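Coordinate analysis (summary)
Each chain is listed here by its residues.
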Amino acid sequence: MFLKKGMKVKVCVGKDKGKSGEIIEINRVRELAKVKEVNMLKKHKKPTKETKGGIVTKEGYIHLSNLKQLDEVKAKATKTKGKK
């Protein structure tokens, strides 16, 4: 089963292990996904004439193999992609 934009997933590895959220972006070539409110990164932006500078927080990418699809009916995670 493929993961798609808008699906609910749970993170099973890494600093955000156990967190769940909705997929907001997928990069199929690199096999990465951005999950809403998970893997938040801080980016320092320089001020320009048009925009104000400062520290911006945004989602980072997570590898698809580290995500499990959440089954809405059963409310538990099911494995979607893995190596044998």
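Below is a short write-up of the structure.

Analysis parameters
- Residues numbered from 1 in each chain as written.
- Predicted model: local features only at pLDDT ≥ 70, side-chain atom pairs only at ≥ 80, totals over all residues.
- Heavy atoms only, no water.
- Helix = DSSP H or I, 4+ residues; strand = E, 2+ residues; numbered from the N terminus.
- Contact = heavy atoms within 4.5 Å.
- Buried < 20%, exposed > 50% of the residue type's maximum accessible area, 1.4 Å probe, protein only.
- Pairing = 2+ DSSP bridges.

**Some points on the environment of I55**
With respect to the helices, strands and loops of the structure, I55 is situated in strand 5 (residues 54-59). For the pair formed by I55 and K43, sequence separation is twelve residues and the distance between their alpha carbons is 5.6 Å. Non-local contacts of I55, meaning those with residues more than four positions away in its chain, are made with K42, K43 and H44.

**A word on the pairing of strand 3 (residues 32-35)**
Neither face of strand 3 is left uncovered, since the one carrying L32 and K34 and the one carrying A33 and V35 both have all their residues buried. Two strands pair when backbone bridges link them, and strand 2 (residues 20-27) and strand 3 are joined in this way by four bridges, in the antiparallel orientation. Within the sheet, the bridge partner assigned to I26 lies in strand 3 and is A33. What sits between the antiparallel neighbours strand 2 and strand 3 is a turn of four residues, in which E31 has the positive phi angle 60 degrees. The pairing of strand 3 with strand 6 (residues 61-63) spans three bridges and is antiparallel. In the strand pairing of strand 6, K34 is matched with Y61.

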